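Summary of structural features
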Amino acid sequence: MTIFIDTGSQTPLYEQIAGQLRRQILDGTLPEGTVLPGIRALAAQVKVSIITTRRAYEELEREGLIITRQGQPSTVSIRDPAALREKEEAALEALLSRAALAAHTLGLSREEYLARAAARYDHNQKEDSR
């Protein structure tokens, strides 16, 4: 399991952690049953506060991606990966609709909008591959 933190990013640290873990769970890098590092261990590994890692784990638990029990390690738990992916895709479609509307409102051409979207996609791909 690899987590990279970009301290220069405007994305909150807990969201960076949760997002990277979410991607690794959804793409199968972290399969069901995988034991995750403890909150303290992960905080030390990525050099953030325990509160930050706790918040990331809480978000993933709310989404049904992990199970956290007092005194036991957190584990990956996807009960229905297809339904989870469907939910993620629906959320993506909503974000794309909002972005397209904003671009239209700003008067961007289709090409300008797609170029900006592609640049953002490429930027995120670089961050993920670190």
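The structure this text deals with has already been given above.
Nothing here was measured: the structure is a model prediction, and the numbers come from that model. (Residues numbered from 1 in each chain as written. Predicted model: local features only at pLDDT ≥ 70, side-chain atom pairs only at ≥ 80, totals over all residues. Heavy atoms only, no water.)

**Concerning the nonpolar core**
Formally: Here, nonpolar core means buried Ala, Val, Leu, Ile, Met, Phe, Trp, Tyr and Cys residues that are tied together by side-chain atoms lying within 4.5 Å of each other. Only protein chains enter the accessibility calculation, which uses a 1.4 Å probe; a residue whose area is less than 20% of its type maximum is buried, one above 50% is exposed, and one in between is partly exposed. Per the convention used, a helix needs a DSSP run of H or I reaching at least four residues, while a strand needs a run of E reaching at least two, with both numbered from the N terminus.
Residues I17, L21, I25, L65 and I66 are the most contacted members of the largest nonpolar core, which totals 20 residues. The leading source of residues in this core is helix α1 (residues 13-26), at five residues.

**Observations regarding unusual backbone geometry**
The phi torsion of most residues other than glycine is negative, and most of the peptide bonds are trans. Of note, the phi angle at K47 is positive, near 60°, even though the residue is not glycine. Among the secondary structure elements, K47 is positioned in the loop between α2 (39-46) and α3 (50-62). Relative accessible area serves as the criterion here: at 75%, K47 is assigned to the exposed category.

**Observations regarding the packing of aromatic side chains**
Note on aromatic pairs: each is described by the distance of the centres and the angle between the planes. Keep this limit in mind: The rule is short: rings of Phe, Tyr and Trp, with Trp giving its six-membered ring, pair when the centres are within 6.5 Å, and they are stacked under 30 degrees, edge-to-face over 60, tilted in between. In this scheme, Lys NZ or Arg CZ marks a charge over a ring once it lies within 6 Å of the ring centre and within 35 degrees of the ring normal.
In this structure the tally under the stated criterion is zero aromatic pairs. One residue, R55, lies across the ring of Y14, its end atom 3.8 Å from the ring centre.

**Notes on the pattern of salt bridges**
Side chains that differ in charge, positive against negative, can pair when their charged atoms come close. Selection rule: Take a side-chain nitrogen of Lys or Arg and a carboxyl oxygen of Asp or Glu: if they are within 4 Å of each other, that pair is a salt bridge.
Scanning all chains against the criterion turns up two salt bridges. The salt bridge partner of E59 is R22, with a shortest N-O separation of 2.7 Å. Remark: R22 occurs in helix α1 and E59 occurs in helix α3; sequence separation between them is 37 residues. Its relative accessible area of 15% is what places E59 among the buried residues. Between R22 and E63 there is a salt bridge, and its shortest N-O distance comes to 2.7 Å. Placement of R22 in helix α1 and of E63 in the loop between α3 and β1 (66-67) is noted, with a sequence separation of 41 residues between them.

**A closer look at α3**
Basically, it comes down to this: By this rule the span expected of a helix is its residue count minus one, scaled by 1.5 Å. Taken from the helix axis, the directions to the C-beta atoms give the arc we talk about. Note on contacts: a residue pair qualifies if any of its non-hydrogen atoms lie within 4.5 Å across the two residues.
Compared with an ideal rise of 1.5 Å per residue, which puts 13 residues at 18 Å, α3 spans 18 Å between its outermost C-alpha atoms and is within 8% of the ideal. Within α3, the full set of buried residues consists of T52, T53, A56, Y57, E59 and L60. Axial view of α3: buried residues confined to an arc of 155°, hence all on one face. The exposed residues of α3 that point more than 90 degrees off its buried face are I51 and R62. Check the buried side of α3 and you find it contacts α1, α2 and β1. G64 sits one or two residues past α3 and shows a positive phi near 80°.

**Focus: the packing of α2 against α3**
In plain terms, the rule: Under this scheme, a helix contributes an axis fitted over its contacting stretch, all axes are lines through C-alpha atoms, and angles between N-to-C directions fall in the 0 to 180 degree range. Handedness of a helix crossing follows the sense of rotation of the near helix relative to the far helix, less than a right angle counterclockwise being left-handed and clockwise being right-handed. Side-chain classes follow a simple rule in which Ala, Val, Leu, Ile, Met, Phe, Trp, Tyr, Cys and Pro form the nonpolar group, Asp, Glu, Lys and Arg form the charged group, and the remainder, Gly included, forms the polar group.
Put simply, α2 and α3 touch, their axes get as near as 8 Å, and they point 115° apart. The element α2 and its partner α3 pack so that their crossing is right-handed. For the pair formed by α2 and α3, the contact residues are I39, R40, L42 and A43 on the first element and I50, T53, R54 and Y57 on the second. Here the contact of α2 with α3 is built from residues that sort into five nonpolar, one polar and two charged.

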